[in-house]
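Structure at a glance
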Amino acid sequence: MSPNSDPCSTSEDGKWLTGSPDTWLKRILKTLEKTGVRNVLFTDCLKQRDDNIKKLVPMVVDIIESKPRFNRDENTNYCLMVIGVPNVGKSSLINSLRRTNLKKGRASRVGGEPGITKAVLTKIQVCERPIMHLLDTPGVLPPKIESVEKGMKLALCGTILDHLVGEDIIADYLLYSLNRLGKFSYVEKYDLQEPSDDIQHVLKRIAVKLGKTQRVKAITGVGNITVTVPNYTAAAYDFIRAFRKGELGQVMLD
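Residues numbered from 1 in each chain as written. Predicted model: local features only at pLDDT ≥ 70, side-chain atom pairs only at ≥ 80, totals over all residues. Heavy atoms only, no water.

1. Describing the packing of helix 6 (residues 167-180) against helix 9 (residues 232-244)
The geometry of helix 6 relative to helix 9 is characterised by a closest axis approach of 9 Å and an angle of 45° between their N-to-C directions. Here helix 6 is positioned oblique relative to helix 9, judged by the angle of their axes. In this structure, the crossing between helix 6 and helix 9 has a hand that is left-handed. Taking contact as the criterion, the partners of E167, D168, I170, A171, L174, L175 and L178 in helix 6 are, on helix 9, T233, A236, F239, I240 and F243. Taken together, the residues that form the contact of helix 6 with helix 9 break down as nine nonpolar, one polar and two charged. (Axes fitted to C-alpha atoms, helices over the stretch in contact; angles between N-to-C directions. Helix = DSSP H or I, 4+ residues; strand = E, 2+ residues; numbered from the N terminus. Parallel < 35°, antiparallel > 145°, perpendicular 65-115°, else oblique. Left-handed = near helix turned anticlockwise from the far one by under 90°. Contact = heavy atoms within 4.5 Å. Nonpolar A, V, L, I, M, F, W, Y, C, P; charged D, E, K, R; others polar.)

Have a look at this one:
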């Protein structure tokens, strides 16, 4: 999330939640604890230096050493598997650990769309003391997504290939979400006069501002002519990309 705008989110029942990013994190941790999830670290693997990345290996070692290892106590080498939904940053996490602990370059290919990692890769060393290797894995999703709403949130966050859902549909859900949360930074970014719930109008303005046009043939009574029209797909892609890069402010979809 980008730190450039005032934080604001809502819970699923529509109640407004406001506060600093630290307040957000505490609420997330509290919610996770209710589901039995502990030992949580928030990281930014795109930074060259992230203090929480340094805490990850000691935390993992503490968790492992606190559990029975079934006759493997003498083995102090660790090999762990990194799992998660597509495009969540698993490969970026591995590369960040290597950069922090070994001062090495990236070993796992990364990209801005799901499906970059196609198979379980060979062991990648991320630490020398203790010796720790990680296995990068393809992203996984439940075989059945519970609701259309959750599916759209996953698509908006880039865990599903855009073309499988449709850039225009994702952009429409993004516009709905921004308006629902009172996040109107897109108005200034794309030179709109006011907030709008008409995705075609918004995409047209984006296309005009960015020069995203295409030439198409039109059949008329006097023959075929070529006209220039807004490229709505390209405009939708830019709108979605701006959200994913944090250019539209801090947004909490849940």
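From this point on, the discussion continues.
2. What about the sheet that holds strand 5 (residues 132-136)?
Taken together, the three strands give an open sheet; going across it, the order is 3-5-4, and neighbouring strands pair in mixed fashion. Only two strands of the sheet have a single partner each, and these edge strands are strand 3 (78-82) and strand 4 (124-127). Shown here is a sheet whose adjacent strand axes are inclined to one another by a mean of 35°, direction ignored. The pairing of strand 4 with strand 5 spans three bridges and is classified as antiparallel. Across the sheet, Q125 pairs through a bridge with H133, a residue of strand 5. Contacts from helix 3 (residues 90-101) reach strand 3, strand 4 and strand 5 within the one sheet, and its direction differs from that of strand 4 by about 50°. (Pairing = 2+ DSSP bridges.)

Note that every value here comes from positions in space, so none of it alone points to a role or purpose.
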